[in-house]
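Architecture and fold: a report
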Amino acid sequence: MDEISTGLDSSTTFQIVNSLGQYVHILNGTAVISLLHPAPETYDLFDDIILISDGQIVYQGPREYVLEFFKSMGFECPARKGVADFLQEVTSRKDQMQYWARRDEPYRFITVTEFVEAFQLFHVGQRLGDELGTPFDSAKNHPAALTTEKYGVNKKELVKASFSREYLLMKRNSFVYIFKFIQLSVMAIITMTLFPRTKMHKHSIIDGGIYTGALFFAVNMIMFNGISELSMTIAKLPVFYKQRDLLFYPAWSYALPQWILKIPIMFIEVGLWVFFTYYVIGFDPNAGRLFKQFFLLFLVNQMASALFRSIAATGRTLVVANTFGSLALLILFALGGVVLSHDSVKKWWLWGYWTSPMMYAQNAIMVNEFLGNSWRHLLPHSNVSLGVAVLKSRGFFPHAYWYWLGAGALFGFVLLFNFWFILALTFLNPVGKHQAIMAEESETTEHDNITGGSHGTLQSNTEGGDESIRRRMEIGSQSQGNMKKGMVLPFVPHSITFDEITYSVDMPQEMKAQGVEGDRLVLLKGVSGAFRPGILTALMGVSGAGKTTLMDVLAGRKTGGYIDGNITVSGYPKKQETFARIFGYCEQNDIHSPNLTVSESLVYSAWLRLNSDIDAETRKRFVEQVMELVELNPLRKALVGLPGISGLSTEQRKRVTIAVELVANPSVIFMDEPTSGLDARAAAVVMRTVRNTVDTGRTVVCTIHQPSIDIFEAFDELFLLRRGGQEIYFGPLGQNSSHLIKYFEEIQGISKIKDGYNPATWMLEVTTTAQEMALNVDFNEMYRNSELYRGNKALIQDLSTPALGSRELYFPTHYSQPFLIQCAACLWKQHWSYWRNPSYTAVRFLFTVGIALLFGSMFWNLGTKMNKQLDLLNAVGSMYAAVLFLGVQNASSVQPVVDIERTVFYRERATGMYSAMPYAFAQVLIEVPYILVQVVVYGVIVYAMIQFEWTAAKFFWYLFFMFFTLFYFTLYGMMAVAITPNFHIASVISSGFYGIWNLFSGFIIPRPRIPGWWRWYYWVCPVSWTLYGLIASQFGDIKKEIETGETVEEFLRSYFGIRHDFVGESAVVIVAFPVLFAFIFAFSVKSFNFQKR
């Protein structure tokens, strides 16, 4: 079990390990548990200890002998030191010397290798070596000790369990399927009203082209309906890999239910589409052909679902799967027979044409429709039926057997892609984490070795004695004078008091359903206290006691609920606008921009949070000083990275979080669980940072879960909450926690603390709800009747009155820096964030180059061919496919980037760094150079390979329309994130609009054929303006005649409704869309806050 105690209080950890110990001893089991910094009483529950340092085992054996081993090496554990903490520090270069016990010998650093060698000679190590050196006697083995089966149950049970689990997951994920049903129904209603049979004639090849568009859209809609499988499959992969490697089940038993259980859902999806649209659009009125279309689209749905699952299992990460999945889809889409007809496919792409599932689907569905009775009449001056003429005009095969050939091919692809999915799951492993954790222990000088290194143990500033209350009132004023030495920037110390604070939220529906009465759930019940300069206060309680809630209420970070009570800052009522300027909040989640270095993160925070009258040189010196204080100099050039994925370790991130707040020069700092998830040594480094911060005269409060004895006693005061949000102790800890222990031991029935026991753990154990019931006492009531409470009330009363000569907090401006400086700083940060994010910027660039080369080679030399309508339709198809694929890729790839930065934005805006407008401005502006490069590279490659007309005007019109198209798609992706809680929902909502934009683009159904009641949407659809501008600027002025006798210009005007003299208006509208989307993005970022606190 790995780090099972992270996020738990020490009392809960003790109970869990105690239960595991009983299980092991009673059932004769084996358990190996890694813990970060267990409390002494938890450590004492273990039988054996394995100590690892620098990848080597330093000690492995009975717990009783571990101190004897280190004593033999010259090191002793101090009396009030947890043995687990001692073991982690004694091998560290920075901490080892303080444990040196041989006063008659000079200390020298003992390396890990020396410890390992010494352990081999120690009696425990020798016995271990003897045991390992003796071959195991297999005769002593129990017959059931080794299994002969690979999996725990037979194949039938494996399949049954896998089907049961997948069914349960589908039920709990029913929202996705319901949403897809609704989305398909809405799109079907739009489609059938766009292609109504009253407007859909069957008189000419042009009419057939409109039906072709309707069938093409149907295949596409069903095909891309399966794309949600991609993200859903990737989300489930980490659990699959874990269970596969633990031999829960083979890959095939995991894959089969995902295929088979979705068959009924796909029946419903395809049924909704076909039965909504078939007769309304006016397809051939024959029941047989209706069901043949249904069956074919069902096979398309099955094929698409299997394809996206197999792409997800092969790519394994969202970025890789999306990128390569999009390229694969592009090939299928472009070579499906509509965007580029069969006759126009270059010989080097014929393999792609014959291996494209969409080609088989499109040919089969076209044959099913156009060989029907309603298309059998002959055209004038022709000896073939209208249906066959339509098929030939668009390059499709006019043979009835192509329906069954297409259906058979699609079924083959379903089997192939599902088999590929199983193979990928069986043989591929998860993509490894690339997290560089930099070792900070550099070789130190001999002087450090002799003097004890650069760091000593944590010391408490607590004052003992009877005058503790008076001293507590004096410390603040003393600290103001003598604790600021060495600070480059001055600051004014501030105290914060809170009196009878109550916080409640609306009663959750789940609790009402369980019979809980009342309209509100109270989370804090009348808590009172005071935090003062130069005093380090611990805010503690069992999990769920309300520690973070109290911090959020005092910090003004709550986004909902009801707050009652009084909060003052240095005697004046707290105003959030001014308090944010002198306040720092180190949140538990360590939220930072992942692509900035440590140094840049601090410079950025200082730039925007220090007053504008501080010059750059002073600001720089202050940042350097904070880096020294927080011990970040060795990491200054390291990228922060994403938690648990890349960049800094947890402990290093904690220190960056603290430093980012310190460079704002705050007077009051709150820290939410600064040691959570850290081992004993890392926790000590962080707490040393915190102690250094307090010693500068600041007011610091920390919530803390599992402090070791020396970390706990580094605090000056304790604010203790019990479950239900009530305080049961607020006062000094005293020397060796004497004040705290004395207070609770005086309560009748409370057991005395044992020697060497951690006071923090003991305190939580003796104040549980079970203890209250056993002793028949109310700890909150006892505290409110105590002398300590009355002293605290007097202290709150005193600090709630402004000191003589003091002034209320006032700042002439809302933010530290003016608007333009905010814009410059945000743009500077975005520049580095984008430059160092190759998974976004480089992948997008490579994807663009890939699409350009694909399109260039597919549509080679098409720009010069204008002899037939089909040539023009192919050229328009190349523009349509490029706009749609590049645009959607831009929009979808920017969404996770903006989502990560938005989380950082919430934190930075709450600290008063900047307003929403500079952030939105920078996020929009930084995209411009990247899109410009993308468009120039794409434009030059495609324009040259397709060989559009080489005139300066036409080339620059092409670049102009492509630039603003990709720009508005990117901004649309940003906007979708800004108006939704996360990018998953944003991508789902966006995909619905991509379908509608595709439908109204003017390619699937030209504008003159759109019914009057839908024509308004053509004019508000961004993609239709893009295609209008591109087609009109390239071909709108060409007078060359085509085979029908009309000129290119006349054909475009009659078929598409496009005129060359409307290019200017198109350009204006295409510029307006990015402006509109940027405005909505900025407004949404400013107005919506999806954080729930």
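Residues numbered from 1 in each chain as written. Predicted model: local features only at pLDDT ≥ 70, side-chain atom pairs only at ≥ 80, totals over all residues. Heavy atoms only, no water.

**Considering the overall build of the protein**
Definition in use: The helix count covers DSSP runs of H or I at least four residues long, the strand count covers runs of E at least two residues long, and both are numbered beginning at the N terminus. Relative accessibility thresholds used throughout: buried, under 20% of the residue-type maximum; exposed, over 50%; partly exposed, between the two (1.4 Å probe, protein chains only). Residue contacts are defined here by distance: any two heavy atoms, one from each residue, within 4.5 Å place the two residues in contact. Note on areas: these come from Shrake-Rupley sampling with a 1.4 Å probe, and a residue is covered only by the protein chains present in the view. Lys and Arg are tallied as positive, Asp and Glu as negative. Neither His nor the chain termini are counted. Working definition for charges: the position is that of NZ of Lys, CZ of Arg, CG of Asp or CD of Glu.
Along the backbone of the protein there are 44 helices and 12 strands. For the C-alpha atoms alone, the extent of the protein along its principal axes is close to 115 × 85 × 65 Å. Here the protein holds 1093 residues, and the buried ones make up 57% of them. Nonlocal contacts in the protein, meaning residues at least 24 apart in sequence, comprise 79% of its contacts between residues at least 6 apart. With the model as given, the accessible surface of the protein reaches about 45900 Å², and the carbon-plus-sulfur share is 61%. Where the 92 positive side-chain charges of the protein centre and where its 93 negative ones centre are 10 Å apart.

**Thoughts on the nonpolar core**
So the rule is basically this: We call a set of buried residues a nonpolar core when its members are Ala, Val, Leu, Ile, Met, Phe, Trp, Tyr or Cys and they connect through side-chain atoms within 4.5 Å of each other.
Within the largest apolar cluster, 208 residues are counted, with the highest numbers of intra-cluster contacts made by Phe195, Trp273, Phe855, Tyr938, Phe1000, Phe1035 and Phe1081. Apart from the residues within four sequence positions on either side, phenylalanine 1035 is in contact with Gly863, Met866, Leu872, Ala875, Met879, Phe948, Val1048 and Leu1052. Membership of the second largest hydrophobic core comes to 89 residues, among which are Phe622, Ala638, Val690 and Ile750.

**Overview of the side chain of serine 253**
In this fold, serine 253 is placed in helix α11 (residues 251-260). What makes serine 253 buried here is its relative accessible area of 1%.

**Let's talk about the packing of aromatic side chains**
The line we're drawing: Under the pairing criterion, centres of Phe, Tyr and Trp rings, with the six-membered ring standing for Trp, must be within 6.5 Å; the plane angle then separates stacked pairs below 30 degrees from edge-to-face pairs above 60, leaving the rest tilted. When the NZ atom of lysine or the CZ atom of arginine is within 6 Å of a ring's centre and also within 35 degrees of its normal, the charge is said to sit over that ring.
All told, the structure shown has 106 aromatic pairs when counted by the stated rule. When the ring of tryptophan 1019 is compared with that of tryptophan 1025, the centres are 5.3 Å apart and the planes differ by 55°; the resulting orientation is tilted. Aromatic rings pair up to connect Tyr59, Phe69, Phe70, Phe75, Phe86, Tyr99, Trp100, Tyr107, Phe115, Phe119 and Phe122 into one cluster. When the ring centre of phenylalanine 421 is taken as reference, the NZ or CZ atom of arginine 309 above it lies at 5.7 Å.

**Some details on the state of the cysteines**
In protein chemistry, a disulfide is the covalent bond that joins the sulfur atoms of two cysteines. Test applied: Note that a disulfide, as used here, is simply two cysteine sulfur atoms within 2.5 Å.
Inspection of every chain in the model, using the stated rule, returns 0 disulfides. Between cysteine 586, a cysteine without a disulfide, and cysteine 702, which holds the nearest cysteine sulfur, the sulfur-to-sulfur distance is 8.1 Å. Take cysteine 586: its relative accessible area is 4%, and that puts it in the buried class.

**Observations regarding unusual backbone geometry**
The phi dihedral of leucine 247 is positive, around 55°, even though this residue is not glycine. Even without being a glycine, glutamine 947 presents a positive backbone phi close to 65°. With respect to the secondary-structure elements, glutamine 947 resides in the loop between α38 (927-946) and α39 (952-978). Relative accessible area serves as the criterion here: at 30%, glutamine 947 is assigned to the partly exposed category.

**Concerning the sheet that holds strand β9 (residues 668-672)**
Spelled out, the test is: Note on pairing: DSSP must find at least two bridges between two strands before they are called paired. In this description, a line fitted to the C-alpha atoms serves as the axis of each element, helices being fitted only across the stretch in contact, and the angle between N-to-C directions of two axes falls anywhere from 0 to 180 degrees.
In space, the 6 strands of this open sheet follow the order β8-β9-β10-β5-β11-β12, with mixed pairing throughout. Both edges of this open sheet fall to β8 (583-586) and β12 (726-732), since each of them pairs with a single strand only. Going from strand to strand, the sheet's axes swing by 15° on average, the running direction of each strand aside. Here 5 bridges tie β9 to strand β10 (residues 699-703), and the two strands are oriented parallel to one another. Bridging across to β10, valine 668 finds its partner in threonine 699. Packed on one face of the sheet, helix α22 (residues 547-555) meets β5 (536-540), β8, β9, β10 and β11 (717-722) and runs near 150° to β9.

**Details of helix α13 (residues 287-315)**
Formally: Given a helix with a known number of residues, its expected span is that number minus one, times 1.5 Å.
For α13, with 29 residues, the first-to-last C-alpha span of 42 Å sits near the 42 Å given by 1.5 Å per residue. Buried residues dominate α13, accounting for 23 of its 29 residues. A positive phi of about 70° marks arginine 316, the residue just after α13.

**Some words on the pattern of salt bridges**
This is how it is decided: For salt bridges, the criterion is a side-chain nitrogen of Lys or Arg within 4 Å of an Asp or Glu carboxyl oxygen.
Under the criterion given, the structure shown has 39 salt bridges. In this structure, glutamate 500 and arginine 784 form a salt bridge, with 3.5 Å as the shortest nitrogen-oxygen distance. You can see glutamate 500 sitting in strand β3 (residues 496-506) and its partner arginine 784 sitting in helix α32 (residues 779-784), a full 284 residues away along the chain. Looking at glutamate 500, the relative accessible area reads 32%, which means it is partly exposed. Exposure remark for arginine 784: the relative accessible area of 24% places this residue in the partly exposed category.

**Quick notes on α11**
Residues separated by three or four positions in an α-helix point in the same direction, a consequence of the helix having 3.6 residues per turn. By the criterion of burial, α11 is predominantly enclosed, with 7 of the 10 residues buried. Regarding α11, the residues found buried are Ala251, Ser253, Tyr254, Ala255, Pro257, Gln258 and Trp259. Next to the buried residues of α11 lie α7 (155-172), α10 (228-245), α12 (263-281), α13 and α18 (401-427).

**Describing the packing of helix α36 (residues 869-910) against helix α42 (residues 1022-1035)**
Put simply, the rule reads: Comment on the angle field: the value is read as roughly parallel under 35 degrees, roughly antiparallel over 145, roughly perpendicular from 65 to 115, and oblique elsewhere. Handedness of a helix crossing follows the sense of rotation of the near helix relative to the far helix, less than a right angle counterclockwise being left-handed and clockwise being right-handed. The classification used treats Ala, Val, Leu, Ile, Met, Phe, Trp, Tyr, Cys and Pro as nonpolar, Asp, Glu, Lys and Arg as charged, and all other residues, Gly among them, as polar.
Two numbers describe how α36 lies on α42: the axes approach to 10 Å, and their chain directions differ by 140°. Taken together, the axis directions place α36 and α42 in an arrangement best described as oblique. Two packed elements cross with a definite hand, and for α36 against α42 that hand is right-handed. Across the interface between the two elements, Leu872, Ala875, Val876, Met879, Tyr880 and Val883 from α36 touch Val1023, Thr1026, Leu1027, Leu1030, Ile1031, Gln1034 and Phe1035 from α42. Grouping the constituent residues of the contact of α36 with α42 by class yields 11 nonpolar, 2 polar and no charged.

**Some thoughts on a nonpolar patch on the surface**
To keep it simple, the criterion reads: Like charges within 9 Å and nonpolar side chains (Val, Leu, Ile, Met, Phe, Trp, Tyr) within 5 Å are joined into patches, using only residues over 30% in relative accessible area that form no salt bridge.
Nonpolar side chains collect at one region of the surface, where Val32, Ile50, Ile52 and Ile57 lie side by side and expose about 380 Å² of accessible area between them. With respect to the helices and strands, valine 32 occurs in the loop between α1 (10-27) and α2 (40-43). Using a relative accessible area of 59% as the deciding quantity, one classes valine 32 as exposed.

**Remarks on the sheet that holds strand β7 (residues 572-573)**
The strand order across the open sheet built from 4 strands is β4-β3-β6-β7, with neighbouring strands paired in antiparallel fashion. Of all the strands in the sheet, just β4 (520-531) and β7 have a single pairing partner and so form its edges. Here strand β6 (residues 562-569) runs beside β7; their pairing, made up of 2 bridges, is antiparallel. Bridge assignment links valine 569 to a residue of β7, and that residue is tyrosine 572. Sitting on the sheet, α22 touches β3, β4 and β6, and the angle it makes with β4 is about 70°. Each of β3, β4 and β6 touches helix α33 (residues 787-799); the most contacted strand, β3, lies at about 100° to it.

**A look at the confidence of the model for the protein**
As a reminder, the rule being used: pLDDT is defined as a per-residue confidence score from the predictor, taking values between 0 and 100.
Averaged over all residues, the pLDDT of the protein is 87; the fraction at 70 or higher stands at 94%. Predicted confidence is poor over residues 434-486, with pLDDT under 50, and the contacts of this stretch with residues over four places away or in other chains come to 103 contacts.

**Some details on the environment of threonine 212**
With respect to the helices, strands and loops of the structure, threonine 212 is situated in helix α9 (residues 205-225). Every residue in contact with threonine 212, bar those within four places of it in the chain, is listed here: Gln362, Met366, Phe370, Val390, Arg394 and Phe396.

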